[in-house]
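# Results of the structural survey
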Amino acid sequence: MTITIDFIAFDDERDACLLVLVEEGPWTDAVEGHLRALQDRLYGCLEAALDGQVAKQFPRAANMKTVVRVDCYGLPREEVDEFIERFSEGVLEIPDFSPSSSPWVHSFEFEVNHDNIH
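Residues numbered from 1 in each chain as written. Predicted model: local features only at pLDDT ≥ 70, side-chain atom pairs only at ≥ 80, totals over all residues. Heavy atoms only, no water.

The next subject is the packing of helix H1 (residues 31–50) against helix H3 (residues 77–91). Two quantities define a packed helix pair, namely the angle between the axes and the distance from one axis to the other. Between H1 and H3, the shortest axis-to-axis distance is 11 Å and the interhelical angle comes to 40 degrees. One way to sum up the angle between H1 and H3 is to call them oblique. Of the two elements, H1 crosses H3, and the hand of that crossing is right-handed. Listed contacts from H3 to Val31, Leu35, Leu38, Gln39, Leu42, Tyr43 and Leu46 of H1 are Glu79, Val80, Phe83, Ile84, Phe87 and Val91. Its residues placed into classes, the contact of H1 with H3 shows 11 nonpolar, 1 polar and 1 charged. (Axes fitted to C-alpha atoms, helices over the stretch in contact; angles between N-to-C directions. Helix = DSSP H or I, 4+ residues; strand = E, 2+ residues; numbered from the N terminus. Parallel < 35°, antiparallel > 145°, perpendicular 65-115°, else oblique. Left-handed = near helix turned anticlockwise from the far one by under 90°. Contact = heavy atoms within 4.5 Å. Nonpolar A, V, L, I, M, F, W, Y, C, P; charged D, E, K, R; others polar.)

Set out below in structure tokens:
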């Protein structure tokens, strides 16, 4: 499976590694299909962090707090926010996606940013 993380950054104030996924709209067809694709990207992002792929490419990321941020441009705010909230609450209850299952990740947090393309 190909994992696409659009960029990786470090937030020194939060002592965190940010894994940023960029999602552009507008979504002109069924929102559910786009959310499923976003879910696949999120799982891939978590897997890359948990199995050490991110830390191997960026050694500074090893055992840091990992913030998965979705930057949204022109997407349906309410649907995306509700989806990310449900995903972030549920995924950490899955043992395979728990940070305690990996020496590479200290903890996970999720963020969503919305903006419009002008």
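Let's shift gears to the packing of aromatic side chains. Counted according to the given criterion, the structure contains 5 aromatic pairs. Seen from their ring centres, Tyr43 and Phe87 are 5.0 Å apart, and the 70 degrees between their planes marks the pair as edge-to-face. Of this pair, Tyr43 sits in helix H1 while Phe87 sits in helix H3, and the two are 44 residues apart along the sequence. Accessibility expressed as a relative area gives 21% for Tyr43, which makes it partly exposed. (Phe/Tyr/Trp six-rings, centres within 6.5 Å; stacked < 30°, edge-to-face > 60°. Buried < 20%, exposed > 50% of the residue type's maximum accessible area, 1.4 Å probe, protein only.)

This part is about the environment of Asn63. Along the chain, Asn63 falls in the loop between helix H2 (53–57) and strand E3 (64–73). Overall, the relative accessible area of 45% leaves Asn63 in the partly exposed class. Taking C-alpha positions, Asn63 is 19 Å from Val91, a pair spaced 28 residues apart along the chain. In this view, Asn63 contacts Pro103, Trp104, Val105 and His106; residues no more than four positions away in its chain are not counted.

Moving on, we get to the environment of Phe97. Tracing the backbone shows Phe97 in the loop between H3 and strand E4 (105–115). The class for Phe97 is buried, based on a relative accessible area of 11%. Distance in space between the C-alpha atoms of Phe97 and Gly44 is 11 Å, their sequence separation being 53 residues. In contact with Phe97, other than residues within four places in its own chain, are Tyr43, Leu46, Glu47, Leu50, Val91, Leu92 and Phe108.

A word on the sheet that holds strand E1 (residues 7–11). What links the strands of a sheet is backbone hydrogen bonding, and the strands pair in either a parallel or an antiparallel sense. Within the open sheet, the 4 strands sit side by side as E1-E2-E3-E4. Their pairing is mixed. The open sheet is flanked by E1 and E4, the only strands paired with a single partner. The mean angle between the axes of side-by-side strands here comes to 25 degrees, regardless of whether they run parallel or antiparallel. One ladder, built from 9 bridges, connects strand E2 (residues 16–24) with E3; its direction is parallel. Its bridge partner being in E3, Val20 is matched across the sheet by Arg69. (Pairing = 2+ DSSP bridges.)

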